[in-house]
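# Per-entry structural report
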Amino acid sequence: MTIDGMLTQARSALRRLLPVELPQAIAQGAILVDIRPQAQRQREGTIPGALVIERNVLEWRLDPTSSARLALASDHDVEWIIVCSEGYTSSLAAASLQQLGLHRATDLIGGYHALKAAGLLTVAATAPHFEREVATLAWV
């Protein structure tokens, strides 16, 4: 097996999204997850409204059976859309999530760079989970 073969295999199980499909997916309840390391997010820019979970802890945070899971990881039916810088690492990560039974996990074709080029960096800021967090912080 080569990394190219692994990537092809991972992607064969995914219904990957184009950036233009992201607004509708988020409107229907999907959660965008940015797995880029902090240094990369600082260098390239952030995605307002995206849930930031670095790649090294992704499975622990999103597996609904994990003691280290996030509250949003409520069951195996959550639609997780994983984004990295260019859409390679995210494919491997989404395939890993599917192996955990998170059957709706997928990734964004082209990653952060494609999202930025499409002018859609702020689309996740309308996500219900993000709006709840902003409202909660407004009370603090």
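Residues numbered from 1 in each chain as written. Predicted model: local features only at pLDDT ≥ 70, side-chain atom pairs only at ≥ 80, totals over all residues. Heavy atoms only, no water.

- If you look the protein up in an unreviewed UniProt entry, it shows as Sulfurtransferase from Nocardia acididurans.

## Topic: helix H5 (residues 89-99)
- Among the residues of H5, those classed as buried are Ser90, Ser91, Ala93, Ala94, Ala95, Ser96 and Leu97.
- Contacts from the buried residues of H5 go to helix H1 (3-12), helix H4 (58-62), strand E3 (80-83) and strand E4 (106-107).
- Backbone geometry just after H5 places Gly101 at a positive phi near 100°. (Buried < 20%, exposed > 50% of the residue type's maximum accessible area, 1.4 Å probe, protein only. Helix = DSSP H or I, 4+ residues; strand = E, 2+ residues; numbered from the N terminus. Contact = heavy atoms within 4.5 Å.)

## Section: the pattern of salt bridges
- According to the stated counting rule, one finds 8 salt bridges in the structure shown.
- Put simply, Glu44 and Arg36 hold a salt bridge, and the shortest N to O gap is 2.8 Å.
- Asp77 serves as the salt-bridge partner of Arg104, at 4.0 Å between the closest nitrogen and oxygen. With Arg104 in the loop between H5 and E4 and Asp77 in the loop between H4 and E3, this pair connects stretches of sequence that are 27 residues apart. (Salt bridge = Lys/Arg side-chain N within 4 Å of Asp/Glu carboxyl O.)

## Some points on the sheet that holds E4
- Reading across from one edge, E2-E1-E3-E4 is the order of the 4 strands in this open sheet, with parallel pairing throughout. Since the sheet does not close on itself, it has two edges, and those belong to strand E2 (51-52) and E4, each with one partner.
- Sheet topology places strand E1 (residues 31-34) next to E2; 2 bridges connect them, and they run parallel. The residue bridging Val33 from the neighbouring strand is Leu51, located in E2.
- Lying over the sheet, H5 contacts E3 and E4, oriented at roughly 150° with respect to E3. (Pairing = 2+ DSSP bridges. Axes fitted to C-alpha atoms, helices over the stretch in contact; angles between N-to-C directions.)

## Quick notes on the layout of surface pockets
- Considered as a void within the structure, the largest pocket measures approximately 170 Å³ in volume.
- Lining the largest pocket are 14 residues, with Arg15, Leu17, Ala25, Glu79 and Thr106 positioned closest to its centre.
- The residue makeup of the lining of the largest pocket, split by class, is 5 nonpolar, 5 polar and 4 charged. (1 Å grid on protein atoms, 1.4 Å probe; cavity = no way out; pocket = protein on both sides within 12 Å on 5 of 7 lines; lining within 4 Å. Points joined across faces, edges and corners; volume = space filled by probe spheres on them. Nonpolar A, V, L, I, M, F, W, Y, C, P; charged D, E, K, R; others polar.)

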